[in-house]
Amino acid sequence: MTLLRGRGIAAVNYPTGMNLGGDPSQALIHSTPTGAFMITLSSTDLGQGLRTVMAQIGAETLGVPLETVHVDTADSDTGPHCMGTFASRATHRVGNAIIQAANEAKEALLDVAADELEAAPEDLEADGAGNIRVAGSPDRTISIMDVALAAHFKHGRTISGRGMYVKPKSEVEPETGAMDPDSTEAHACTVAEVEVDTETGQVRVLSLKSAYEVGRAINPALVQGQITGGSWMGMSHALYETTAPYYPEIDHSPDDFSHYLMPGAAELPEISSTVLEMPSANGPFGMKGVGEMTANSPIPAIANAITDAIGVQITELPITPEKVLRALEERET
Amino acid sequence: MNDAKPFDVIGRTHERREARGHVTGSTVFIDDVSFPRMCHLKAVRSPVPHARIRGIDFSEAERVPGFVAHLTAEDIPKNVYTILCLIGVEPDEEHVLASERVRYVGEPIAAVVAETEDAAFEAAAKVRLNLEELPAVFDVEEALEPGAPIVTHWGTNHFVYEGHHCRRIRYGDAPAAREEADRVISGRYQLSPIEHAPVEPTGCVAKPEADGRVTVHTNTQAIFFSLDNTAIILQIAPHRLRFVGGTVGGGFGGKVDVIVEPLATLAALRTGRPVKYVYTRQEEMQVSSTRSASRLYMTDGVMDDGTIVSREVTTYHDAGAYSRHSPYGCTKHAANAAGPYTIPNVSVDVHCVYTNRTPSSAMRGFGVTEASFALEMQMDRIAREVGADPWELRLRHAYRNGDERPYRKTTEDASLVETIQAAAELAGVELSADLRAMSSDDREGVPG
């Protein structure tokens, strides 16, 4: 038995959002009588943390404490239209809509606060801790709860905002393929190290070291969650998964997780990463979509590492022990 | 849009709001949703990949205790549709319930509604199908050969893009540039069909309301997209539907298909009772969409110093029996098929091909995963053949701000150079000073 080591790299781009048919999303924001802010959407949280990130964008824009901002997702009766959560679009589209809605709501908030403080709205600022104050006059301050109460019961004003973002439809020019298919591009580069057992054909991934440029990490732990999940998913695509083990034949298709194998915790390599932030021109706070991309760079990086280890390029996924052994046989002959 | 950041709410880690619910098991997912008098729906599926339907016999199924109703193609107001009709994609081709022909193993032919899930399974198993098997095709290239079994109802096995048999990119003159190149370097790359494998299987509960509307609790990734498509299939006014969801146990693109909601909603309207239709793990594995089994051929014209002067890509995207989101995925693939590299002459043909496989559809990285896999293996193949350093080859060709992409969009927000440099540093790879000095903002240090 020989253990052969190899290293491979892969660099990828990933587009944020889509354009076909137009790509809109909306957000509505209103304050409760006691100054909490409700963001209503019809977007869905797939487990990636959309709700948390949307609350952060709303709180940042309004200048209010995060815990006073709540996100209500996905009821078609109450939430305004969203195309859905896919195409690495949600944070970009919905985040931009929330910024617009929050700016409108904040204008109403400052108008009412101005009346209460007997100041001009343009002289007011939120302190991020639940108060509105006159800039430069620390004693002239009012809590957002008091502003909201006054708006509801004294002024008869709503503190609310509407937000909309749309990437307009871009027709594809049929002859040349000219089009504007996305809003911005995130990037990733992965360095994979593998060890190949020449007797069993087994590939062990030793490490995945990656850099990701995401524009702006709105919530670093959630970006990390995408990175870890995506690295695992990419590794699984590279080495384990298929619904057609004898492709293109369709027999022996798996029907549960005991036949559809994926790497478990024991198979996970060392995963380390660097996150770069080079703000995009049109993403909320400069963000770019990171969700889908993280699964892409590990696949060719692992494949290239295997080539580096055994000297033969295996170009069909998944790279199973059987394919490795056949490639090694081919190398011998 | 706005990168001013007056406060410090963004850019900082805040605990994910659902995290405690998910890890303690208190989050309510679709299969947890239940109502009094709720029925269960199960599909009767084709055991073969291609067949003519000669008959469907429910007589034994109807005798199963708890049997409530059955549905066939004749019950579906607009049974033949295409999911992207909302953005003008034609023609209609997917059958909500198969009529006349089945085109893949697991295609639903009928649905059975029963008092309990067990009764629904039992009744579905007792539906007798009379199928006359037909020759089937499973390989993308075989499907395009003359004489191949035809999957579609219009007589060819490919999707038509504005009169073209494939989605194309034409930038510069790739064949001419290849003729002038020192070398031609080619590769064939094949992806596997894979499952989205969400922890939570696809499902919904449709509940008729007293005012004549139907509330559909669903784990779709796209609430209004699913609502609108359900209204189209059932030919009812969209305002009669209310879709509720928003918390999904993993999607990865698989829950952008609109599969369970139309049948459950129709069954709810027919029976006047709430109806649950949730996939089993076996259905999730064998019936729900997969990633396409894409095959790519890449042919590059390369100079001896490693400069790539042309790139020609031919991709066969296996849509399976119905196209679902594949026409869009092929366009996204075409845009990205030459990679994040500046190459002066590019030609791309992406064939969206019908076969008798389980339909493929959107999946994480849709169209781009396939391109990135092939491209990055091809870049290494070029590096080996010309004796170039794989880091240098990528950094030299990485697109810069201001570069035009093959689909004629000017690059802004480029950062591939910096990303590659950062990965090298993290991995302890010493790049030369020339490579370290490169930037996405200029072509400094790039030969040629």
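Source: prediction; values computed, not measured.

Participant: An account of the sheet that holds strand β8 (residues 160–167) of chain A is requested, with residue identities and associated values reported.
Facilitator: Residues and elements named next belong to chain A. Read across the open sheet, the four strands follow the order β4-β3-β2-β8; overall the sheet is mixed. Lying at the two open borders of the sheet, with one neighbouring strand each, are β4 (69–72) and β8. Taken pair by pair, the neighbouring strands of this sheet meet at an average axis angle of 20 degrees, ignoring direction. Where strand β2 (residues 23–31) and strand β3 (residues 37–40) come together, four bridges link them in antiparallel fashion. Note on β3: the bridge partner recorded for Ile 29 is Ile 39.

Participant: Run through the interface of chain A and chain B, naming residues and quoting values.
Facilitator: Often, the extent of an interface is quoted as the loss of accessible area on bringing the components together. Across the boundary between the two partners, chain A contributes 105 residues, which contact 100 residues of chain B. Within the side of chain A that touches chain B, the residues separate by chemical class into 49 nonpolar, 39 polar and 17 charged.

Participant: Any chance you could break down the domain arrangement of chain B for me, citing the residues and the numbers?
Facilitator: All names here are of chain B. Domain assignment breaks chain B into domain 1 (30–134 + 196–286) and domain 2 (167–193 + 290–397). Taken together, the 18 residues of domain 1 in the interface contact 17 residues of domain 2. Split into classes, the residues belonging to the side of domain 1 that touches domain 2 amount to seven nonpolar, six polar and five charged.

Participant: So what's going on with the pairing of strand β7 (residues 137–143) of chain A? Which residues, and what values?
Facilitator: Residue and element names in this part refer to chain A. As defined by bridge partners, strand β6 (residues 131–134) adjoins β7 across four bridges and the pair is classed as antiparallel. Bridge assignment links Ile 132 to a residue of β7, and that residue is Ile 142. Where β6 hands over to β7, the hairpin turn is made up of two residues, of which Gly 136 adopts a positive phi near 85 degrees.

Participant: With reference to specific residues and values, describe the domain arrangement of chain A.
Facilitator: Residue and element names in this part refer to chain A. For chain A, the assigned domains read domain 1 (3–16 + 182–332) and domain 2 (23–167). Just the C-alpha atoms count here: the centres of domain 1 and domain 2 sit 39 Å apart. Looking at the side of domain 1 that touches domain 2, the elements with two or more residues in it are β1 (3–16) and α4 (220–239). For the side of domain 1 that touches domain 2, the leading source of residues is α4, giving three residues. Residue classes in the side of domain 1 that touches domain 2 are distributed as six nonpolar, eight polar and one charged.

Participant: Which residues make up helix α6 (residues 223–234) of chain B, and what are the values?
Facilitator: Residues and elements named next belong to chain B. For α6, built from 12 residues, the straight-helix expectation of 16 Å at 1.5 Å per residue is met to within 8% by its first-to-last C-alpha distance of 17 Å. Across the 12 residues that make up α6, a large majority, 10, are buried. Those residues of α6 not exposed but buried are Ile 223, Phe 224, Phe 225, Ser 226, Leu 227, Asn 229, Thr 230, Ile 232, Ile 233 and Leu 234. On its buried face, α6 sits against β4 (80–81), β12 (214–218), β13 (241–244) and α7 (260–271). Gln 235 sits one or two positions beyond α6 and adopts a positive phi of about 55 degrees.

Analysis parameters
Residues numbered from 1 in each chain as written. Chains lettered and ligands numbered in written order. Predicted model: local features only at pLDDT ≥ 70, side-chain atom pairs only at ≥ 80, totals over all residues. Pairing = 2+ DSSP bridges. Helix = DSSP H or I, 4+ residues; strand = E, 2+ residues; numbered from the N terminus. Axes fitted to C-alpha atoms, helices over the stretch in contact; angles between N-to-C directions. Contact = placed C-beta atoms within 7 Å. Nonpolar A, V, L, I, M, F, W, Y, C, P; charged D, E, K, R; others polar. Domains from an automatic or database assignment. Expected span 1.5 Å × (residues − 1). Buried ≥ 20, exposed ≤ 12 C-beta atoms within 10 Å, placed from the backbone.

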